[in-house]
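# Examination of the molecular architecture
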Amino acid sequence: MRDLLVYLKAQNTTGFLVLENGRTRMEQAWSPPSDVPLFSAFLYGHTDDGVLLEDVASLQKSVIALLAAIAVDKGLLDVDLPVSRYLGQGWSRAPLDQETQIRVVDLLTMTSGLDETFAYTHPVGAQFFYNTHVYAVIKRILAAASGESLDAITRAWLTEPLAMKDTDWRRRPAALASVGNDTALVTTPRDIAQLGLLVLSGGLSQDGARVVSEAQLAALFERSGANPAYGRLWWLNGGDYRVGSAGRRAAGALIAAAPSDLVGAYGLFDRRLYIVPSRKLVVVRTGAAATDKDFDEQLWRRLMKALDDAPTTP
């Protein structure tokens, strides 16, 4: 365990939390690194308890996927319908006959066929392209389908049922909004972990209330035909190959050192929520970018050893 914590600190980690069978195995916080200038733009002060509040970057995508799943349960959203059914024609730069082929689920799986300018470049479903600009359209779809703001549905459907008291959407600084996604999910490791517990419980809150159906939850983790390492805005371990966010294809699983059933919510600067159902394990890492390029692999090698060696904290 000591080796793991020393490693995490050296990798610019600000928060690390491990829950196994609902119990805390590890929890540690460090001060933000002072030598990563851009990281300060992702910080939003502290909670009343002194916990660092961070914009967790693209980890938010997996939260939006959960909200979309809940919207389906409520009968407000059909992900197999065209995006234009919710936003009208002309939401993209694709010709109309091509635009009408793009369904909500194609945005959730990053297979819309659009580039970052919303121009049509590939047939729908043919290619995985990690596209934050197009992803952000899903927020508009949720608002249109529900008739409420993203803030309102997030509170009512997710953060209040899960007692995520330190999580909300914030407007990003102009420099960060240029990526085409101008709202930040600001949260803490403990709040993020509640999402992991939701997945492990099959869609139930800690008090046993149904938040999302088992069927819609399972749909989030169905492998995309274009990328077996990706579902609906969630990363998936255990595939024969993976296509990363930079578009490179590589053989093998997402994280060889981790259990094959791991699913993850990933954000810039190596923000991570890992969930391992076979071990009833939830792992959260916040912070600035790790210095190791194979950080996920190195983390899991150390974490598996630490979990096998360390006693459970009551």
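The structure displayed is predicted, hence computed values, not measured ones.

Right, let's get into the sheet that holds strand β11 (residues 271-276). Sheet architecture is open: six strands sit in the order β2-β1-β12-β11-β10-β7, paired in antiparallel fashion. With one partner strand each, in any of the chains shown, β2 (23-29) and β7 (235-236) form the two edges of the open sheet. As judged from the two bridges shared by β7 and strand β10 (residues 263-267), these two strands associate in the antiparallel manner. Across the sheet, the residue bridging to Trp235 is Gly264, located in β10. Across the sheet, helix α10 (residues 189-200) touches β1 (13-20), β2, β11 and β12 (281-287), and the angle it forms with β12 is around 150 degrees. Along the sheet, helix α12 (residues 295-309) contacts β1, β2, β10, β11 and β12; its crossing angle with β11, the most-contacted strand, is approximately 45 degrees.

The next thing to look at is the packing of helix α2 (residues 60-73) against helix α8 (residues 150-159). One way to put it is that α2 packs onto α8 with a least axis distance of 11 Å and a crossing angle of 75 degrees. Between α2 and α8, the crossing angle belongs to the class labelled roughly perpendicular. Contact residues: α2 offers Val63, Ile64, Leu67, Ile70 and Ala71, while α8 offers Leu150, Ile153, Thr154, Trp157 and Leu158. A per-class count over the contact of α2 with α8 returns nine nonpolar, one polar and no charged.

Core analysis: the biggest nonpolar cluster contains 94 residues, and Phe16, Leu77, Trp234, Leu273 and Trp300 have the highest contact counts within it. Broken down by element, this core gets its largest block of residues, nine residues, from α2. Setting aside anything within four residues of it in sequence, one finds Phe16 in contact with Leu4, Leu8, Met26, Glu27, Gln28, Trp30, Val283, Val284, Arg285, Leu299 and Leu303. One finds Ala57, Leu176, Phe269 and Ala288 within the second-largest nonpolar core, a separate group that totals six residues.

This brings us to the sheet that holds strand β4 (residues 52-55). Spatially, the four strands line up as an open sheet ordered β3-β4-β6-β5, and their pairing is antiparallel. Across the chains shown, the open sheet's two edge strands, defined by having one partner strand only, are β3 (43-46) and β5 (168-171). Looking at each pair of strands side by side, their axes are set apart by 30 degrees on average, direction ignored. Bridge count for β3 against β4 is two bridges, and the pairing is antiparallel. Paired with His46 across the bridge in β4 is Leu52.

A separate point is the side chain of Thr159. One can find Thr159 in helix α8. On the accessibility criterion, Thr159 (6% relative accessible area) is buried. Residues contacting Thr159, with those up to four places away along its chain left out, are Thr154, Met164 and Thr167.

What counts, and where the lines are drawn
Chains are numbered independently. Their residues run from 1 in the order of the written sequence. Only residues with pLDDT of at least 70 are given local features in this predicted model, and only at 80 or more are side-chain atom pairs given and counted; all residues enter the totals for whole chains, interfaces and linings. Excluding hydrogens and water, the side-chain figures rest on all heavy atoms present in the structure. Two strands pair if DSSP finds at least two bridges between them. Helical segments are the DSSP runs of H or I of at least four residues, strand segments are the runs of E of at least two, and each set is numbered from the N terminus. By definition in these notes, contact holds between two residues if any of their heavy atoms fall within 4.5 Å. Each axis is a line fitted through C-alpha atoms, taken for helices only over the stretch in contact, and angles between the N-to-C directions span 0 to 180 degrees. Roughly parallel refers to an angle under 35 degrees, roughly antiparallel to one over 145, roughly perpendicular to one between 65 and 115, and oblique to any angle outside these ranges. All amino acids are sorted into three groups, where Ala, Val, Leu, Ile, Met, Phe, Trp, Tyr, Cys and Pro are nonpolar, Asp, Glu, Lys and Arg are charged, and the leftover types, Gly among them, are polar. What we call a nonpolar core is a set of buried Ala, Val, Leu, Ile, Met, Phe, Trp, Tyr and Cys residues that are connected through their side-chain atoms within 4.5 Å. The buried label applies to any residue whose accessible area, calculated with a 1.4 Å probe on protein chains only, is under 20% of its type's maximum; exposed applies above 50%, and partly exposed to all values in between.

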